[in-house]
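A closer look at the structure
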Amino acid sequence: MKLTDKEILDFVRENLTLDKDKDGHYTLKEVSCDVEGYVFGSVKGSVAGDVYCNVHGSVKGSIWGNVYGNVNGNVEGNVVNDVVGTVKGNVYGNVGGDVKGSVFGDVRGDVKGSVLGSIGNYVYGNVGKGVLGLVQEK
């Protein structure tokens with residue numbers, strides 16, 4: 001179905017706020033409808049809905065929801081809930097919830113709970129309770 005010019009102009013008036021930058025280029029200031037396709041530019045504001053696809057760039061703000069996919073970069077902030085997957089790098093801060101997967105890097109802080117798995121290297125610190133398993137020197 002082909003849209004008429006009037007329908008296009010009505011849609012723009014009702015759903016988009018446009019502006020020009022200092023060089024005279026158009027910028028999209030606000031979108032008041034769903035986007036069912038790609039955004040080929042940066043979003044320098046908030047997304048007040050869900051993202052049902054991939055983000056091929058950095059998120060330089062907070063996420064007040066869940067990430068149901070992979071993070072293929074660094075998390076340079078806090079994770080306030082559980083990590084249900086694998087961490088293939090180092091943890092330089094605190095994890096306030098459970099890690100229900102493997103850690104293939106170092107943990108440079110305290111573990112206040114139990115480790116229900118094997119530790120493949122040394123523990124440089126105190127073990128508050130017993131070790132229920134073998135301690136093997138290789």
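Look up: the structure comes first, before these words.
An account of the accompanying structure is given in this report. This one's a predicted model, so the numbers in the text were calculated from it and none came from an experiment.

The rules behind each value
Residues numbered from 1 in each chain as written. Predicted model: local features only at pLDDT ≥ 70, side-chain atom pairs only at ≥ 80, totals over all residues. Heavy atoms only, no water. Helix = DSSP H or I, 4+ residues; strand = E, 2+ residues; numbered from the N terminus. Rg over C-alpha atoms; globule rule 2.2 N^0.38 Å. Buried < 20%, exposed > 50% of the residue type's maximum accessible area, 1.4 Å probe, protein only. Contact = heavy atoms within 4.5 Å. Areas by Shrake-Rupley, 256 points an atom, 1.4 Å probe, with all protein chains shown as cover. Lys, Arg positive; Asp, Glu negative; His and termini not counted. Charge placed at Lys NZ, Arg CZ, Asp CG, Glu CD. 1 Å grid on protein atoms, 1.4 Å probe; cavity = no way out; pocket = protein on both sides within 12 Å on 5 of 7 lines; lining within 4 Å. Points joined across faces, edges and corners; volume = space filled by probe spheres on them. Nonpolar A, V, L, I, M, F, W, Y, C, P; charged D, E, K, R; others polar. Salt bridge = Lys/Arg side-chain N within 4 Å of Asp/Glu carboxyl O.

1. Re the overall build of the protein
Secondary structure summary: the protein contains one helix and two strands in total. Shown N-terminal to C-terminal, the secondary structure of the protein runs as helices and strands in the order α-β-β. For 138 residues, the compact-globule estimate of 2.2 N^0.38 gives 14 Å, and the C-alpha radius of gyration of the protein, at 24 Å, exceeds that figure by more than 25%. A total of 138 residues make up the protein; the buried ones form 1% of that total. Considering only intrachain contacts with a sequence separation of at least 6, the fraction spanning at least 24 residues in the protein is 0%. Counting every atom, the protein has about 14,000 Å² of accessible surface; 50% of that belongs to carbon and sulfur. Distance between charge centroids for the protein: 6 Å, based on 14 positive and 17 negative side chains.

2. Overview of the layout of surface pockets
If you add up the space inside the second largest pocket, you get close to 2,600 Å³. Lining the second largest pocket we find 46 residues, and of these V111, V115, S118, I119 and V123 sit closest to its centre. Its residues placed into classes, the lining of the second largest pocket shows 18 nonpolar, 20 polar and eight charged.

3. Focus on the pattern of salt bridges
Applying the stated criterion across every chain, the model contains two salt bridges. For D10, the salt bridge identified is with K6, shortest N-O distance 2.7 Å. Remark: K6 and D10 occur in helix α1 (residues 5–15); sequence separation between them is four residues, near one turn of the helix. Take D10: its relative accessible area is 24%, and that puts it in the partly exposed class.

Any functional reading would require information that these geometric values do not contain.
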